[in-house]
Amino acid sequence: MAPSKPSIVFAHGLWADGSCFSELIPVLQREGHEVVSAQNTLDSLEGDVDAVHRALARVSSPAILVGHSWGGFVITDAGTDERVAGLVYVAALAPDSGETAQDLIGKFDTPPLFAHLDAEDGRLWIARDGISDFCGDLSEEDQLLVWATQGAPRAEVLGSTTDNPAWKSKPSWYLVTKQDRAVNPELQRFMAQRMGATTTEADTSHVPMLSRPDVVLETIRTAAQAI
């Protein structure tokens, strides 16, 4: 028997891994969803899209893709898969055809986080003095945990492009994070409006799945009910 609720597949952003959704996954599982959090490589867009496709193969269709930050770029490409019924963007990048992450970031004032990145061996790390720009509404202890466990992306991923944005053919929802210092809230609103996404806003940092999981869950529930 097919599940009565859509499956949920998460795609994490830069400086993170799939466990960043740990506050959401158990709740959604208790509510009857099949849930998988893809482990993105952060080496290339193609590798991260492949990771999402592998995750889709582990759950039943239809599925909702939930992308945080860079994960929005990933689901914009991966979401054209026929198994995907909807897209949820959480403080996420949502490119149009041919746009790079750098193009999007450059449309509005550069977020403070980008002044606190260290480049080493072709990868980008958040410097210790920049972690508050990433997750400043967490406790100091939790900020240190995020910093210590960060995934370092290859710098080249910021120059990736997609040719067939899924939001042009799939329904979308967007959670804008109003205190975000990693993805400009004005950029978030611009992308959400361009997509025609159902949009809500929360007074959080860039990591609402950790600081305000309740508002992220409500956005996902709204999408699941619509699907």
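Refer to the structure above for everything that follows.
For clarity, every value in this text was computed on a predicted model and none was experimentally measured.

**Things to note about the overall build of the chain**
Piece 1. Of regular secondary structure, the chain possesses 9 helices and 8 strands.
Piece 2. Its C-alpha atoms give the chain a radius of gyration of 16 Å, near enough to 17 Å, the size a compact globule of 227 residues would have.
Piece 3. Based on the C-alpha atoms only, the size of the chain along its principal axes is roughly 50 × 40 × 30 Å.
Piece 4. Per-residue burial for the chain yields a buried fraction of 54% across its 227 residues.
Piece 5. At a minimum sequence separation of 6, the contacts of the chain that also span at least 24 residues come to 69%.
Piece 6. As presented, the chain carries roughly 9600 Å² of accessible surface, and 47% of it is formed by carbon and sulfur atoms.
Piece 7. If you average the places of the 17 positive and of the 32 negative side-chain charges in the chain, the two averages end up 6 Å apart.

**A few points about the pattern of salt bridges**
Piece 1. All chains considered together, the criterion is met by 12 salt bridges.
Piece 2. For Arg221, the salt bridge goes to Glu31, with nearest N and O atoms at 2.7 Å. Remark: Glu31 occurs in the loop between α1 (25–30) and β2 (35–38) and Arg221 occurs in helix α9 (residues 213–226); sequence separation between them is 190 residues.
Piece 3. Among the residues examined, Arg221 registers a relative accessible area of 22% and is labelled partly exposed.
Piece 4. Glu31 sits in the partly exposed class, given a relative accessible area of 25%.
Piece 5. Ionic pairing is found between Arg189 and Glu201, a salt bridge with its closest N-O pair at 2.7 Å.

**Concerning helix α3 (residues 70–78)**
Piece 1. Buried residues dominate α3, accounting for 8 of its 9 residues.
Piece 2. Those residues of α3 lying buried are Trp70, Gly71, Gly72, Phe73, Val74, Ile75, Thr76 and Ala78.
Piece 3. Buried residues belonging to α3 abut β1 (7–11), α2 (45–56), β3 (63–68), β4 (84–90) and α4 (101–105).

**Points about unusual backbone geometry**
Excluding glycine, residues mostly have negative phi values, and the peptide bonds linking residues are mostly trans.
Piece 1. Here the bond from Ser61 into Pro62 is cis, since omega is 0°, no more than 30 degrees from zero.
Piece 2. Relative to the helices and strands, Pro62 resides in the loop between α2 and β3.
Piece 3. One non-glycine residue, Leu42, lies in positive phi territory at about 60°.
Piece 4. Mapped onto the elements, Leu42 comes out in the loop between β2 and α2.
Piece 5. We classify Leu42 as buried; its relative accessible area is 3%.
Piece 6. Even without a glycine there, the phi angle at Ala91 is positive, about 45°.
Piece 7. Summarising the element assignment, Ala91 is placed in the loop between β4 and α4.

**Examining the nonpolar core**
Buried together is how nonpolar side chains tend to be arranged in soluble globular proteins.
Piece 1. The biggest cluster of nonpolar side chains holds 74 residues, and the ones touching the most others in it are Phe10, Leu24, Val52, Leu65, Tyr89, Phe134 and Ile220.
Piece 2. Other than its neighbours up to four places away in sequence, Tyr89 contacts Gly67, Gly72, Ile75, Thr76, Ala94, Trp167, Ser172, Trp173, Tyr174, Leu175 and Met195.

The rules behind these values
- Residues numbered from 1 in each chain as written.
- Predicted model: local features only at pLDDT ≥ 70, side-chain atom pairs only at ≥ 80, totals over all residues.
- Heavy atoms only, no water.
- Helix = DSSP H or I, 4+ residues; strand = E, 2+ residues; numbered from the N terminus.
- Rg over C-alpha atoms; globule rule 2.2 N^0.38 Å.
- Buried < 20%, exposed > 50% of the residue type's maximum accessible area, 1.4 Å probe, protein only.
- Contact = heavy atoms within 4.5 Å.
- Areas by Shrake-Rupley, 256 points an atom, 1.4 Å probe, with all protein chains shown as cover.
- Lys, Arg positive; Asp, Glu negative; His and termini not counted.
- Charge placed at Lys NZ, Arg CZ, Asp CG, Glu CD.
- Salt bridge = Lys/Arg side-chain N within 4 Å of Asp/Glu carboxyl O.
- Core = buried A, V, L, I, M, F, W, Y, C linked by side-chain atoms within 4.5 Å.

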